[in-house]
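# Coordinates in review
Residues per chain, in single letters:
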Amino acid sequence: MCKKILALFLCVLLAVGVMTPLSHAESQDISVSAENGSTVKVSAVNRPIQVADELILFTRDNAAQLTDSNVWCAAAIADYKDGKYVLTEIRDRAGAVKIPYNGFVLFGHGTSETWILDNLKTGEEVNINGYSLPQAITGQLVSAENGTQHAIDSVDKEHESNKLTIYTINYGENTGVFGTDTEEAVIANNIVAEKNSGGGTGTYIPENGYVISGSGSAKEFVGNLQVGEKVTLINLEVQTLPPMYFKINGSIYEINKKNTERGTGEVILYETSYGATTRTNPWGLEITAENGKVTGYTAINSKDGVYLDNNSSIPQKGYVISVQADSPYFAKLDGNVKVGDSIELSANNTFLYNAGKTPYDSLNPRSREDNPAGWDDAGNSGYPGFRGADQLIVYDGTYGSTTGTNPWGYEVTVNKDNRIVKTGGNNSQIPKDGLVLSGHGIKADWLKNHALIGSSVIMDKTNKTVLVLFTPESMIDRVVIKIDTVKQELGVSRTKFLDVPYAKVQEYIDNAELLVQSASDRLRERDYKQLVEITGRIEQNSDKAHFANYQSKSVETRAVWIRPKETRLEQVSEHLDKLKALNINTVYLETWWGGYTIFPTENKITEQNPMYNGFDVLGAYLSEAHKRGMEVHSWVENFFIGDSGTFDGGPVYAKKPEWLLISRKGDNFQFVDMYNIKYYFANPALPETRDFIMSIYSELVKKYDIDGLQLDYVRYPDGGDGSNDFGYDTYTRELFKKANGADPINIRPGDPLWESWCAFRANIVNTFVYRVVSEVRAVKPDIQISADVWPNYEAGPSSLMQEPVKWVSGGYIDNIIPMSYTMDTTSTREDILNTVEFSRGHAYATMGLGTGIGLSSEMLAGQIATAAENGADGTALFEYESLMNAGYGSALKEGLFRNAAVVWDDKPALSVKTIVNGVKRKIGEIYLPNKGISAKEAASLADRLNSIPAADNNCSGINPSEAKAIKKSIEKIIETVTLSKSMNEEVKKGYWRI
């Protein structure tokens, strides 16, 4: 027990929206007629799906050229041909699709999705009734935002007098030399990004756009186009390149993501860093390539009636392209690819131009009148920052110090020169003479796609629009902004005497600054290829400077959650080597999931997951991790016993359906909309369920030398507003009725007994936790018990029936892990402070952060640092595959995980020595040279540190009296430092942070 008391003392020491229609109002009498005679009502025109089963009509009058991005919808695309509208393509669950200029898109969810798929067919006519579609236009034209138009005379042809020509990437890199009778406009994302009247080297043709060239009589039209103006090509499709793509058989196919799980309708690029194989299910096709040639191909296939996983091997010097069956590319590629075909991959396109213009909803909203969609009618108050669903809000310096927004959005900061200087996060600081653009939902996505650091921002308050422009000049602005930012960060570190490698950070900054002039020269010469290469090197150095400027603690938990999929010892070793290289010291290994164990078990109701083919993956992880000095904690999912999308619900679901938790509506599952699957939970109240789960844990701790047991899903399913919460089986209802005289099926939120009903269920969970901890510790007294919890400790007892505060205060939990999977640092700070408020002195607090939610490396690092600064004893990252595949490793190793770290409770004596040695090092390397402390005080402090009682590097070297002596020595040092009149205040704040 002295071990835990001392370690906890050291912890204390170191810690010191509403949818808005985009165009038309709701549909009244608009309908669609299919060729087979079937009709259906249209819900609305040119707005996103709002509720289930809607059918939306999208036309060219929509604010964007794409439909809603809802992936659970079908899209029927129709174009105007020979005087009628003909269906050209039907897509199911493919997300946003492009709206044809002379046609429309029918976008349906639920029953409307079904109607589209059952009644509409490519090549057939379709009619819209009760609505006047925009007039179809014939001939190839350029249409300006002000309504003026000009005929297109040629495409990708040499300059000719009195001609308007469109130049695309098929022509080359530049348009070619032209004279004074010609003017050209660069178009990116259908917006005029730049004008060029000096034709000495021609005009660069952007890969994500085109160039309009007007000579002679056509020059006036181009000359009248304004930067930032939208232009539309009518009846002309221009080929552009996406950020990632592959080219095969003459066609270009966009790649959606890299090195991640393949989702519905997605195209994924898999490289060797992902692992040995793609680990994909049967529902897709995969192309394996090396040296520009297709070397393997697999598609949906079966053997003996069983569908075979794609799961292609990833070649060491090649890659795999994986196309999910719902992708529109699947039908085009299936059966049309063969081994030996040529294939070209472009995985890192850098666009020199980017442009976007979109309406904003409100400027500095402070009331319901300012922004009705930012008002929460149910709560009779504004949403945080008065930002509603799918809105873009602009805040300037008159609004206040911060935007006040919640975590569920994305913001960019604009300086006084109208340049974007920061991206990501929420509740951002508002610069005095600048702006913050704050987006939610589709507007957050718009910002992510268009608002790059270095871009210029132009607000049109009259038309309530925001224009974001990125040009080759912006590349210089971008790197200068990044260099200035890291220089400021280094200055802050010096002022605060932080423990960072100052010389290394300065070296990165110097390397970056040396290249700026060279980049400017390449810009002036229009040598864009070299410009991209040099600015890329500048960014690499500035990014390294940013990450290296974080402190790397030497005593903390650094954990990663892993769902093991290995079937061989070599695979386990490979994955642990990767984690060890990142100075990760703890693995949370998913040991009981999907109703299966990962280890061979004697239990008759469950079994070892057959995916392991008998391989004891738990035993392998334990032996290999311990060789590397890493801890392994068994991550167990308690009452969550499976889902409809994995293993058909699992063995417990199949064998013991009577154990399932029942909802108020009588369902034996929780339906999860996000994944379109059912979650199955065992009933925590049933004695046989509790005995069953306990038997698994008892077998686990008796057979294996695990370092910890981590409790996840120690709760009921989320009951939301109480309309369909859980616990309504006969057994539980009778228990409550016997104790309280009422059947809980008749109790609703707000009723007198509602709180009692919630507390009753929470106590069922509590007593299970107490039993697990007591019985496990009886077998293995030193085992660490941790719990993954929802960090809303006020709402948790009534929504999840989860009361972790009681578990911690009762001494049952050694490490509490709030799962704070958000997009900003504000939530991180709030969640860890709320946790530390009750855990400090009782348990460690390790911050659970998400690597699979699309965080940038900058934001993840910011969250880890924020957690540490506000009392966290470490970080747990969810989860291994996203950590490795999203490229976070290099950023963490450069900075926050630069140094190896000792786990708090493993060897407290080693933790003490590590902390003491770290403070002495900082005195000599940082505080004394930088005049944060006098030589006399430095010597005195060093003497006091040396007087702290020594302890062996193992737990057996500490007894209660030694622990008290160490604690007393440290308290005396704290008192002396606190009373010092000459020591720098920043040194006082941070000298113990090691």
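- The name an unreviewed UniProt entry gives the chain is Glycosyl hydrolase-like 10 domain-containing protein, with Ruminiclostridium cellobioparum subsp. termitidis CT1112 as the organism.

## Let's talk about the pattern of salt bridges
- For the structure shown, the criterion picks out 49 salt bridges.
- Among the salt bridges present, the one from aspartate 417 reaches lysine 416, with a minimum N-O distance of 3.6 Å.
- Taking relative accessible area as the criterion, aspartate 417 reaches 45% and is therefore assigned partly exposed.
- Its salt-bridge partner being lysine 988, residue glutamate 985 comes within 3.2 Å of it at the nearest N-O pair. With glutamate 985 and lysine 988 both in helix α24 (residues 985-990), this residue pair falls three residues apart, about one helical turn.
- Judged by relative accessible area, lysine 988 falls into the buried class, the value being 16%.

## What about empty space enclosed by the protein?
- In this structure, the largest cavity occupies an estimated 30 Å³ of space.
- What lines the largest cavity is simply Lys496, Phe497, Leu498, Gln551, Lys922, Tyr927, Glu986, Val987 and Gly990.
- Within the residue set of the lining of the largest cavity, elements represented by two or more residues are α21 (908-927) and α24.
- The element that contributes the greatest number of residues to the lining of the largest cavity is α24, accounting for three residues.

## Observations regarding the side chain of arginine 690
- Considering the arrangement of structural elements, one finds arginine 690 in helix α12 (residues 687-703).
- In this structure arginine 690 is buried but unpaired, with aspartate 691 as the nearest side chain of opposite charge at 6.6 Å.

## Notes on the sheet that holds strand β27 (residues 354-359)
- In space, the three strands of this open sheet follow the order β27-β36-β35, with antiparallel pairing throughout. Across the chains shown, the open sheet's two edge strands, defined by having one partner strand only, are β27 and β35 (456-460). Shown here is a sheet whose adjacent strand axes are inclined to one another by a mean of 10 degrees, direction ignored.
- As paired strands, β35 and strand β36 (residues 465-470) are joined by five bridges and run antiparallel to one another. Across the sheet, valine 457 pairs through a bridge with valine 468, a residue of β36.

## Details of unusual backbone geometry
- Note that the residue after phenylalanine 878, namely glutamate 879, is joined by a cis bond; omega there is 10 degrees.
- Along the chain, glutamate 879 turns up in the loop between β48 (874-878) and α19 (880-885).
- In this structure, aspartate 390 takes a positive phi of about 55 degrees despite not being glycine.
- Mapped onto the elements, aspartate 390 comes out in the loop between β30 (381-382) and β31 (392-396).
- Classification of aspartate 390 by relative accessible area gives buried; the value is 16%.
- Phi angles above zero are rare outside glycine, and methionine 801 is one such case at about 55 degrees.
- As for its placement among the helices and strands, methionine 801 is situated in the loop between α15 (796-799) and α16 (804-809).

## A short note on helix α2 (residues 111-119)
- Those residues of α2 lying buried are Ser112, Glu113, Trp115, Ile116 and Asn119. Burial along α2 is one-sided: seen end-on, the buried residues are contained in an arc of 160 degrees. In α2, the exposed residues that point more than 90 degrees away from the buried face are Thr111 and Asp118.
- In this structure, the buried residues of α2 make contact with β1 (31-34), β2 (39-41), β4 (55-58), β5 (73-81), β6 (84-92) and β7 (104-109).

## Section: the side chain of threonine 465
- Looking at where threonine 465 falls in the secondary structure, it is placed in strand β36.
- The buried category is assigned to threonine 465, whose relative accessible area is 17%.
- Discounting chain neighbours no more than four positions away, the residues touching threonine 465 are Lys357, Thr358, Pro359, Tyr360, Ile458, Met459 and Asp460.

## Here we look at helix α18 (residues 857-869)
- The terminal C-alpha atoms of α18 lie 18 Å apart, and with 13 residues this matches the ideal 18 Å at 1.5 Å per residue to within 8%.
- Counted residue by residue, α18 has 11 buried out of 13 residues, so it is predominantly covered.
- Those residues of α18 that are buried are in contact with α8 (528-548), α17 (825-839), β47 (844-850), β48 and α20 (889-894).
- Directly beyond the C-terminal end of α18, a positive phi value near 110 degrees is found at glycine 871.

## Some words on the nonpolar core
- The biggest cluster of nonpolar side chains holds 109 residues, and the ones touching the most others in it are Leu579, Leu618, Tyr697, Leu709, Val776 and Leu877.
- If you tally residues by element for this core, the top one is helix α14 (residues 754-779), at 12 residues.
- Here leucine 709 is in contact with Ser634, Val636, Tyr697, Leu700, Val772, Val776, Ile783, Gln784, Ile785 and Ser786, once residues within four sequence places are set aside.
- One finds Val186, Ile205, Ile509 and Ile970 within the second-largest nonpolar core, a separate group that totals 64 residues.

## Notes on the pairing of strand β9 (residues 141-144)
- Burial along β9 is two-sided: Leu141 and Ser143 facing one way and Val142 and Ala144 facing the other are all buried.
- In this sheet, strand β10 (residues 149-151) lies alongside β9 in antiparallel orientation, the contact comprising three bridges. Bridge pairing in β10 places leucine 141 opposite alanine 151.
- Hairpin connection between β9 and β10: a loop of four residues separates the two successive antiparallel strands, and glycine 147 in this loop has a positive phi of roughly 100 degrees.
- Alignment of β9 against strand β16 (residues 231-234), held across four bridges, turns out to be antiparallel. Within β16, the residue paired with valine 142 across the bridge is leucine 233.

## Concerning the packing of helix α7 (residues 502-524) against α8
- With their axes 8 Å apart at the nearest point, α7 and α8 run at an angle of 160 degrees to one another. As judged from the angle between their axes, α7 and α8 are roughly antiparallel. Judged by the twist between their axes, the crossing of α7 over α8 is left-handed. Taken together, the residues of α8 that come into contact with α7 (itself represented by Val505, Tyr508, Ile509, Asn511, Ala512, Leu515, Val516, Ser518, Ala519, Arg522 and Leu523) are Tyr528, Gln530, Leu531, Ile534, Thr535, Arg537, Ile538, Asn541, Ser542, Lys544, Ala545 and Ala548.
- The residue makeup of the contact of α7 with α8, split by class, is 14 nonpolar, six polar and three charged.

## With respect to the environment of glycine 409
- Along the chain, the position of glycine 409 falls in the loop between β31 and β32 (410-414).
- On the accessibility criterion, glycine 409 (10% relative accessible area) is buried.
- Beyond its immediate chain neighbours, meaning those up to four positions away, glycine 409 contacts Arg387, Gly425, Asn426, Gly439, His440, Ala444 and Met823.

## Some details on the sheet that holds strand β14 (residues 191-196)
- Read from one edge to the other, the open sheet built from five strands follows the order β11-β12-β15-β13-β14, with strand pairing classed as mixed. Single-partner strands in this sheet number two, and they are β11 (154-155) and β14.
- Pairing between strand β12 (residues 164-167) and strand β15 (residues 209-215): four bridges, direction antiparallel. Looking at the pairing, threonine 165 lines up with serine 213 of β15.

## Some details on the environment of asparagine 418
- One can find asparagine 418 in the loop between β32 and β33 (420-423).
- Counting along the chain gives 40 residues from asparagine 418 to isoleucine 458, while the straight-line C-alpha distance between them is 7.2 Å.
- In this structure, asparagine 418 is in contact with Ser455, Ser456 and Val457, ignoring residues within four places of it in sequence.

## Let's talk about the environment of leucine 106
- With respect to the secondary-structure elements, leucine 106 resides in strand β7.
- Judged by its relative accessible area of 0%, leucine 106 falls in the buried class.
- Between the C-alpha atom of leucine 106 and that of isoleucine 430, which follows or precedes it by 324 residues, the distance is 41 Å.

## Structural notes on the packing of helix α13 (residues 730-740) against α14
- Following both chains from N to C, one finds α13 and α14 inclined at 120 degrees, their axes separated by 11 Å at the closest point. Considering their axes alone, α13 and α14 lie oblique with respect to each other. The crossing of α13 and α14 is right-handed. Contacts between α13 and α14 pair Thr732, Leu735, Phe736 and Asn740 from the former with Ser756, Trp757, Phe760 and Ile764 from the latter.
- Looking at the contact of α13 with α14, its residues break down into five nonpolar, three polar and no charged.

Parameters at a glance
Residues numbered from 1 in each chain as written. Predicted model: local features only at pLDDT ≥ 70, side-chain atom pairs only at ≥ 80, totals over all residues. Heavy atoms only, no water. Salt bridge = Lys/Arg side-chain N within 4 Å of Asp/Glu carboxyl O. Buried < 20%, exposed > 50% of the residue type's maximum accessible area, 1.4 Å probe, protein only. Helix = DSSP H or I, 4+ residues; strand = E, 2+ residues; numbered from the N terminus. 1 Å grid on protein atoms, 1.4 Å probe; cavity = no way out; pocket = protein on both sides within 12 Å on 5 of 7 lines; lining within 4 Å. Points joined across faces, edges and corners; volume = space filled by probe spheres on them. Lys, Arg positive; Asp, Glu negative; His and termini not counted. Pairing = 2+ DSSP bridges. Axes fitted to C-alpha atoms, helices over the stretch in contact; angles between N-to-C directions. Arc of directions from axis to C-beta. Contact = heavy atoms within 4.5 Å. Expected span 1.5 Å × (residues − 1). Core = buried A, V, L, I, M, F, W, Y, C linked by side-chain atoms within 4.5 Å. Parallel < 35°, antiparallel > 145°, perpendicular 65-115°, else oblique. Left-handed = near helix turned anticlockwise from the far one by under 90°. Nonpolar A, V, L, I, M, F, W, Y, C, P; charged D, E, K, R; others polar.

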